[in-house]
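One letter stands for each residue in the lines below.
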Amino acid sequence: MSINLPLDNASFTLDTSGVMGFFGGEEALSAMATVHLYRGRRWLGWYNSPGSYTVAKKFGQLANSRFWDGIFPGPNPTPEAMFGLDGKEGPRFIGVFSGTDMTTTGHLAYLTAQKAKETKEQIQLGVGRITAPGSVSIIDVDNVKLQHGGKVPTMKVYHALCAAIPITSSLTTCLACAFVRDWLALGLIIVGMVSSGLSCFVIGSGKLHFQLVKPSSYAPRGDGFLLMRNDIVILKGTEKDVTLITKAKLVLDMGDGEEFNTVGICSLLLLSQFLIQLLLVPRATLFGQIMFLSSLVVSWAYNSFLSSLENEKIQTDLLWKSLHEPPITKFALPNRGSQAACACFVLHAGVDMSKKSSTNFKPKKILECMIPNDTRVWEVWREHVAKQVLSKERIKSFGPDKELIADLEDEEQQLLKQLLADAEYGYGCYQESLTTFNVAP
């Protein structure tokens with residue numbers, strides 16, 4: 001019994017050879033970059049995915065030997081850098097008790113800063129003098145139970161389970177090709193499914209964990225702040241807990257030595273898939289070519305969906321989950337003066353005045369880091385605000401000190417009054433936080 005092939009009498013064929021390996025390459029890379037962040041994601045790559053050439057050339061660079069460098073030329077990045085788990089520089093960090101001053105911090109500090117940015121302001125008093133609006137965020141990371149080598153939690157499998165759609169699509173097109181006995185198209189789709197599935201399994205088998213830096217057990221408290229252009233993020237906790245954010249990093253253990261030969265083999269398999277499909281797809285029937293292209297389109301749509309889920313956002317959520325969801329208190333401030341004053345008062349709340357080491361807290365130096373303007377007015381302003389921070393008086397005074405302004409001209413005195421009013425606004429935000437949130441240790 002003969003079967004009439006659909007479109008068997010058509011006088012043309014689809015020339016898909018120009019798009020199979022390149023079409024959807026960026027989306028496939030973005031989708032693969034999340035394979036370590038979703039539970040069970042490595043088992044769900046069994047579909048005919050587009051962009052095999054792009055994926056092979058990119059991840060083939062992980063394989064580190066002369067042989068693999070000849071096939072996949074280019075730099076040999078670390079697995080963390082390849083999958084976007086490292087490489088972003090965090091903001092400057094200044095420790096107010098330890099004296100630490102890090103010009104740049106690591107990837108986890110960058111994620112922490114992003115988390116603070118996306119947090120909505122919880123405290124905002126009446127409108128102050130608006131010049132350069134900013135914010136102060138307070139993150140309490142005390143008593144974080146995280147060990148060196150501790151595994152990074154993964155996202156739930158819900159999004160990854162959407163892989164059932166491209167897998168089903170690839171299987172359906174296989175059955176359709178088998179029904180019309182287009183064995184060549186059937187074989188080509190299976191080749192794509194197998195190479196994609198094996199690559200996803202091997203690459204996704206890496207274990208993601210934290211690499212911590214262990215400070216001295218006699219180190220002072222780690223309280224300090226991340227300094228950005230318009231935002232200040234205050235970290236409160238022990239030195240061990242704060243260094244988790246400022247110095248620790250994510251490490252991806254591929255379990256394959258330093259040469260990553262299995263990754264190289266999978267990349268070679270993807271490259272072979274590209275060449276086989278490039279040469280043989282035009283030899284399939286028109287119906288088989290349509291089925292092959294249909295499986296690619298559905299897989300591309302799934303990869304696009306995964307790439308739309310921001311990798312950094314997922315990493316930030318997993319980091320916060322690892323830290324047991326530390327609370328964030330955020331102030332909205334109208335200018336730099338109120339922002340710096342507010343931050344300084346918050347940081348002083350962690351000082352144990354009964355200890356001699358409390359003299360390590362230098363508010364004027366902290367204010368200089370936040371506002372480095374080297375003018376007479378700002379110098380007087382820092383002197384006055386630092387004095388109020390250290391003052392034991394319950395009611396703070398932000399009126400100009402006659403001794404400090406004696407040498408200032410009239411215009412400078414008027415400017416100083418404005419800046420001190422800004423500092424008073426910042427102190428008001430700090431006072432508000434004491435009644436609304438527990439920002440003091």
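Everything that follows concerns the structure shown earlier in this document.
A brief structural summary. Per chain, the residues get numbers from 1 upward, laid out in the order the sequence is written. For a predicted model such as this one, the threshold for reporting local features is a pLDDT of at least 70, and the threshold for listing and counting side-chain atom pairs is 80 or more; totals across whole chains, interfaces and linings nevertheless cover every residue. Note that water and hydrogens are dropped before the side-chain values are worked out from all heavy atoms of the structure.

### Quick notes on the overall build of the protein chain
At step 1: Secondary structure elements are taken from DSSP: a helix is a run of H or I of four residues or more, a strand is a run of E of two residues or more, and numbering for both begins at the N terminus. Check the secondary structure of the protein chain and you find 16 helices and eight strands.
At step 2: The quantity called the radius of gyration is restricted to C-alpha atoms. Its globule counterpart is 2.2 Å times the number of residues to the power 0.38. The C-alpha radius of gyration computed for the protein chain amounts to 29 Å, which surpasses the reference 22 Å derived for 441 residues by more than 25%, pointing to a less compact arrangement than a globule.
At step 3: Buried residues are those whose accessible area, probed at 1.4 Å on protein chains only, stays under 20% of the maximum for their type, while exposed residues exceed 50% and partly exposed ones sit between those limits. Within the protein chain, the fraction of its 441 residues that count as buried is 50%.
At step 4: In the protein chain, the share of contacts with a sequence separation of at least 24, taken over all contacts with a separation of at least 6, comes to 78%.
At step 5: Values of accessible area rely on a 1.4 Å probe in the Shrake-Rupley scheme; residue burial ignores everything except the protein chains shown. Roughly 21300 Å² of accessible area belongs to the protein chain as shown, and the carbon and sulfur atoms make up 56% of that amount.
At step 6: Counting rule for charge: Lys and Arg are taken as positive, Asp and Glu as negative, and neither His nor the chain ends is counted. The atoms used to mark charge sites are NZ of Lys, CZ of Arg, CG of Asp and CD of Glu. Here the protein chain contributes 42 positively and 42 negatively charged side chains, and the mean placements of these two sets differ by 5 Å. Throughout, a residue-residue contact means that at least one pair of heavy atoms, one from each residue, lies within 4.5 Å.

### Brief notes about the nonpolar core
At step 1: Core analysis: the biggest nonpolar cluster contains 62 residues, and Phe59, Phe83 and Leu235 have the highest contact counts within it.
At step 2: Among the elements that make up this core, the one with the highest residue count is helix 5 (residues 107-118) (six residues).
At step 3: Every residue in contact with Phe59, bar those within four places of it in the chain, is listed here: Leu29, Met32, Met82, Phe83, Ile203, Val263 and Ser267.
At step 4: Residues enter a nonpolar core if they are buried and are Ala, Val, Leu, Ile, Met, Phe, Trp, Tyr or Cys, with the set joined through side-chain atoms within 4.5 Å. Listed in part, the 45 residues of the second largest apolar core include Val136, Phe345, Ile366 and Ile371.

### Observations regarding unusual backbone geometry
At step 1: In this model, Arg181 sits at a positive phi of 60°, which is unusual for a non-glycine residue.
At step 2: Within the secondary structure, Arg181 is located in the loop between helix 6 (164-179) and helix 7 (183-203).
At step 3: Classification of Arg181 as exposed rests on a relative accessible area of 53%.
At step 4: Look at His324: it is not a glycine, yet its phi comes out positive at around 65°.
At step 5: Along the polypeptide, His324 turns up in the loop between helix 11 (311-322) and strand 8 (328-333).
At step 6: Given the relative accessible area of 52%, His324 is considered exposed.

### A closer look at a nonpolar patch on the surface
At step 1: Together, Trp46, Ile190, Val194, Leu198 and Leu269 make up an exposed nonpolar region whose accessible area comes to about 370 Å².
At step 2: Per-element tally for the nonpolar patch: the top contributor is helix 7, with three residues.
At step 3: One can find Val194 in helix 7. To count toward a patch, a residue needs a relative accessible area above 30% and no salt bridge. Like charges then connect within 9 Å, nonpolar side chains (Val, Leu, Ile, Met, Phe, Trp, Tyr) within 5 Å. Every case where a carboxyl oxygen of Asp or Glu lies within 4 Å of a side-chain nitrogen of Lys or Arg is listed as a salt bridge.

### Quick word on empty space enclosed by the protein
At step 1: Using a grid of 1 Å spacing that covers the protein atoms alone, one calls a set of points a cavity when a 1.4 Å probe fits there but cannot get out, and a pocket when the set is open and has protein on both sides within 12 Å along at least five of seven lines; lining residues are those with an atom within 4 Å of a point. Grid points are joined across faces, edges and corners, and a volume is the space filled by probe spheres set on the points. On inspection of all chains with the given rule, the structure shows three cavities of 30 Å³ or more.
At step 2: The space that makes up the largest cavity amounts to roughly 170 Å³.
At step 3: What lines the largest cavity is a set of 16 residues, and nearest its centre among them are Ala28, Met32, Ser49, Val55 and Ser196.
At step 4: Of all the elements in the fold, those that place two or more residues in the lining of the largest cavity are helix 1 (25-32), helix 2 (52-59), helix 7 and helix 9 (261-280).
At step 5: Amino acids outside the nonpolar list (Ala, Val, Leu, Ile, Met, Phe, Trp, Tyr, Cys, Pro) and the charged list (Asp, Glu, Lys, Arg) are all regarded as polar, and Gly is one of them. Grouping the constituent residues of the lining of the largest cavity by class yields eight nonpolar, seven polar and one charged.
At step 6: Taken as a whole, the second largest cavity encloses approximately 50 Å³ of empty space.
At step 7: In terms of lining residues, the second largest cavity is bounded by Leu37, Leu85, Leu108, Leu111, Val152, Leu208, Phe210, Leu250, Gln315, Leu318 and Leu319.
At step 8: Within the residue set of the lining of the second largest cavity, elements represented by two or more residues are helix 5, strand 4 (207-211) and helix 11.

### As for the sheet that holds strand 1 (residues 92-95)
At step 1: Spatially, six strands are ordered 2-1-5-6-3-8 in an open sheet, and the strand pairing comes out mixed. Lying at the two open borders of the sheet, with one neighbouring strand each, are strand 2 (101-102) and strand 8.
At step 2: We treat two strands as partners when DSSP finds at least two bridges between them. Note that strand 3 (residues 134-140) and strand 6 (residues 231-236) share six bridges and pair parallel. Bridge pairing links Ile138 to Ile234 in strand 6.
At step 3: In this analysis an axis means a line fitted to C-alpha atoms, helices contributing only their contacting stretch, and an angle means the value between N-to-C directions, from 0 to 180 degrees. Docked against the sheet, helix 8 (residues 239-246) engages strand 1, strand 2 and strand 6, running at close to 140° with respect to strand 6.
At step 4: Where helix 13 (residues 363-370) meets the sheet, its contacts fall on strand 1, strand 5 (224-227) and strand 6, and the angle it forms with strand 5 comes to roughly 15°.

### Comments concerning helix 10 (residues 286-308)
At step 1: Helix span, expected: 1.5 Å multiplied by one less than the number of residues in the helix. Between its terminal C-alpha atoms helix 10 stretches 33 Å, which fits the 33 Å expected from 23 residues at 1.5 Å a residue.
At step 2: Listed as buried for helix 10 are Leu286, Phe287, Gly288, Gln289, Met291, Phe292, Ser295, Leu296, Ser299, Tyr302, Asn303 and Leu306.
At step 3: At its buried positions, helix 10 is contacted by helix 1, helix 6, helix 7 and helix 9.

### What about the layout of surface pockets?
At step 1: Counted as a void, the largest pocket has a volume near 380 Å³.
At step 2: Taken together, 20 residues form the lining of the largest pocket, with Leu146, Leu212, Lys214, Pro215 and Lys240 sitting closest to its centre.
At step 3: A per-class count over the lining of the largest pocket returns eight nonpolar, six polar and six charged.

### Some thoughts on the packing of aromatic side chains
At step 1: Between 30 and 60 degrees the pair is tilted, below 30 it is stacked and above 60 it is edge-to-face, where a pair is any two Phe, Tyr or Trp rings, Trp via its six-membered ring, whose centres lie within 6.5 Å. According to the stated counting rule, one finds 13 aromatic pairs in the structure shown.
At step 2: Seen from their ring centres, Phe345 and Phe398 are 6.4 Å apart, and the 65° between their planes marks the pair as edge-to-face. A residue pair is termed long-range when its members are at least 10 positions apart, and Phe345 in helix 12 (residues 336-348) and Phe398 in the loop between helix 14 (376-390) and helix 15 (402-405) qualify at 53 residues. Of the two residues examined, Phe345 and Phe398, each falls in the buried class.
At step 3: Linked through ring pairs, Phe345, Phe398, Tyr427 and Tyr430 together constitute an aromatic cluster.

### Looking at the state of the cysteines
At step 1: Here, a disulfide means two cysteine sulfur atoms that sit within 2.5 Å of each other. This structure, assessed with the given rule, holds zero disulfides.
At step 2: Left without a disulfide partner, Cys162 is nearest to the cysteine sulfur of Cys200, which lies 14 Å away.
At step 3: For Cys429, which is in no disulfide, the shortest distance to another cysteine sulfur is to Cys342 and amounts to 5.5 Å.
At step 4: For Cys429, a relative accessible area of 0% puts it in the buried group.

### Description of the pairing of strand 3
At step 1: Burial analysis of strand 3 places six of its seven residues in the buried class, the great majority of the element.
At step 2: Sheet topology places strand 3 next to strand 8; six bridges connect them, and they run antiparallel. Within strand 8, the residue paired with Ile138 across the bridge is Thr329.

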